[in-house]
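# Commentary on secondary and tertiary structure
The primary structure of each chain is shown beneath.
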Amino acid sequence: MMSDSIAFIDLAAQRRRVGSRMDEAILRVVNHGGYIMGPEVKQFEADLSAFCGAKHVISCANGTDALALVLMAKSVKPGQAILCPSFTFAATAEVVAWLGAVPIFVDCLPETFNMDPASLEFGINTARQLGLKPVGVIPVDLFGQPADYDAIEAICAREDLWILCDAAQSFGASYRGRKLGTIGAATSTSFFPAKPLGCYGDGGAVFTNDDELAAIMRSLRVHGQGSDKYDNVRIGMNGRLDTMQAAVLIEKLKIFPDEIAARDRVAKRYNEMLGDVVAVPVVAEGNTSVWAQYTMRVPNRDALAAALKAKGVPTAIYYPKPLHQQTAYSKFPCAGNGVPVSERLAGEVLSLPMHPYLEEAVQDRIIAAVREALGAETRSQAAE
Ligand SMILES: *Cc1c(COP(=O)(O)O)cnc(C)c1O
């Protein structure tokens, strides 16, 4: 008998929940015609600011442009080095290379998958040894969990480096009571459909409490325009968020807190029922996670992924190759003695289906499949 297929991320379930409210919001934009920088864009920026506490929110076209807006506003240029993890999505380092600066790859911690502060210190020295000026750090909150900002901030304060938090996967989470969007010089996020807060296309935002930085980024977003629209005062980009996407996001932000709670329930249940057979993800003391991914570590990863696929359970590998091993990025340096944890993790990580609408019965099937594939007894048998 064919079993019902299991979704890795079930956007259709959310679509059913938002239903006609979403249809009406989209239709309002279609009818009022303010497709570019319409009233919903302003409204959404205000809603985001209220949600996370950031003074300034600059919505933009995607999470990559969000990173780029900050680096451009910081006048990043050749001769400079920016430290970022190797174990991340390519966009984090890509924007550094766009501006002719050098990304220096830093290792991560095996438990949280996030930047290792000791490796960051090595990376700063590596930059100087190469004759580059380290100016900033882009920590990434991988899979939904904030990086160790206390440790990173202490290093950056001492070394006079700014911090740009890449919260593409973690927006909605908090670090020791501080909401993401309020940490560092600026924070970027993405509203790509598969992110915890996603729209129906591409979208992104930058958060900052810095008035001057915010004003520069608002100008950069629209081709570097000055107070006179036809006198551009800096080289910018076309980086606006579509009004239609803002309308979608206004509706989705309303249910986001509830969805975050649901994601957390799903993750806790996986942890409880798989913790004895695999290395389940660990959320550090004081952190909350929005669980962009539920990622385990298994030594026999490829065999497990194949066994789960045969049982109809989809999985994904984030990330099979750290950036420093990828064709376009292998020319950039790694911190000090290398990034061995990132290399090891790339061979061990496996992500299970994770979304707020994962029903317990379906999750039970996933859990049973994992346990069976690993040759472990099912929970109920084990409990007998
Ligand atoms: C998704 C993602 C980005 C880029 O966001 P886009 O909206 O796809 O441009 C940047 N950094 C990380 C860590 C991401 O996961």
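Use the structure listed above.
Summary of the structure given here. (Residues numbered from 1 in each chain as written. Predicted model: local features only at pLDDT ≥ 70, side-chain atom pairs only at ≥ 80, totals over all residues. Heavy atoms only, no water.)

### Examining the overall build of the protein
Stated formally: Helical segments are the DSSP runs of H or I of at least four residues, strand segments are the runs of E of at least two, and each set is numbered from the N terminus. The globule rule is 2.2 Å times the number of residues to the power 0.38, and the radius of gyration it is compared with is taken over C-alpha atoms. Accessibility here uses a 1.4 Å probe with only protein chains present; expressed as a share of the type maximum, an area under 20% marks a residue as buried, one over 50% as exposed, and anything in between as partly exposed.
Counting its regular elements, the protein contains 12 helices and 11 strands. Against the 2.2 N^0.38 benchmark of 21 Å for 384 residues, the protein shows a C-alpha radius of gyration of 21 Å, consistent with a compact globule. Taken along its principal axes, the extent of the C-alpha atoms in the protein is 75 × 60 × 35 Å. By the burial criterion, 54% of the 384 residues in the protein qualify as buried.

### Quick word on the nonpolar core
Under the convention used in this document: Note on terminology: a nonpolar core comprises buried Ala, Val, Leu, Ile, Met, Phe, Trp, Tyr and Cys residues joined through side-chain atoms within 4.5 Å. It only takes one pair of heavy atoms within 4.5 Å for two residues to be counted as in contact.
Of all hydrophobic cores here, the largest spans 82 residues; its most connected members are F44, L48 and L120. If you tally residues by element for this core, the top one is helix α8 (residues 243–274), at 8 residues. With residues up to four places along the chain from it excluded, the contact list for L120 reads L83, V106, M115, V137, I152 and I155. In terms of nonpolar packing, the next biggest core, distinct from the first, is built from 24 residues, I6, M296, L350 and V370 among them.

### Examining helix α7 (residues 211–221)
Operational definition: Any pair of N or O atoms that falls within 3.5 Å is considered a polar contact. Within protein, one atom must be able to donate a hydrogen and the other to accept it, and sequence-neighbouring residues count only if both atoms are side-chain atoms.
Buried within α7 we find L213, A214, I216, M217, S219, L220 and R221. Where α7 is buried, its residues meet α2 (39–52), β1 (56–60), α3 (63–73), β8 (186–190) and β9 (204–208). Regarding α7, its N-cap is D210, as a side-chain oxygen of that residue lies 3.0 Å from the backbone nitrogen of E212 further along. Two residues or fewer past α7, H223 is found with a positive phi of approximately 60°.

### Some words on the site of the ligand
Just so we agree on the cut-off: Put simply, a residue is near a molecule or strand once any heavy atom of it comes within 4 Å of that molecule or strand. Residue burial considers only the protein chains on display, and all accessible areas are found by Shrake-Rupley using a 1.4 Å probe. Nonpolar residues are Ala, Val, Leu, Ile, Met, Phe, Trp, Tyr, Cys and Pro. Charged residues are Asp, Glu, Lys and Arg, and all others, Gly as well, are polar.
The environment of the ligand is made up of 14 residues, and the closest members are G63, T64, D166, S190 and K195. Taking T64, its side chain carries an N or O atom lying 2.5 Å from an oxygen atom of the ligand. Between the ligand and Q169, the relevant distance is 2.8 Å, taken from an oxygen atom to a side-chain nitrogen or oxygen of the residue. For the ligand, the accessible surface in isolation is 380 Å², of which the surrounding protein chains cover 92%. Elements supplying a minimum of two residues to the shell around the ligand: α3 and α4 (91–98). Considered class by class, the residues forming the shell around the ligand number 4 nonpolar, 8 polar and 2 charged.

### Re the packing of helix α9 (residues 301–310) against helix α11 (residues 360–373)
Here is the rule: Only the stretch in contact is used when fitting a helix axis, every axis being a line fitted to C-alpha atoms; angles between N-to-C directions are given from 0 to 180 degrees. Should an angle fall under 35 degrees it is taken as roughly parallel, and over 145 as roughly antiparallel, whereas 65 to 115 is taken as roughly perpendicular and any remaining angle as oblique. Throughout, a crossing is termed right-handed when the near helix is turned clockwise from the far one, and left-handed when it is turned anticlockwise from it by less than a right angle.
The contact between α9 and α11 brings their axes to 9 Å, and the two run at 130°. The orientation of α9 relative to α11 falls into the category oblique. Considering the relative orientation of α9 and α11, their crossing is right-handed. Contacts between α9 and α11 pair L304, A307 and L308 from the former with A369, V370 and A373 from the latter.

### So, the pairing of strand β11 (residues 349–352)
Put simply, the rule is: Between any two strands, pairing holds if DSSP finds at least two bridges.
Across the two faces of β11 the burial is the same, with V349 and S351 and L350 and L352 all buried. Looking at chain direction, strand β10 (residues 294–297) and β11 are connected through 4 bridges and run antiparallel. Residue pairing in the sheet places Y294 in a bridge with L352 of β11.

### Quick word on the packing of α2 against α8
Between α2 and α8, whose axes approach to 8 Å, the crossing angle comes to 25°. Relative to α8, the element α2 is oriented roughly parallel. As α2 runs across α8, the sense of the crossing is left-handed. Here E40, V41, Q43, F44, D47, L48 and F51 of α2 come into contact with α8, specifically with T243, A246, A247, L249, I250, L253, F256, P257 and I260. When its residues are assigned to classes, the contact of α2 with α8 shows 12 nonpolar, 2 polar and 2 charged.

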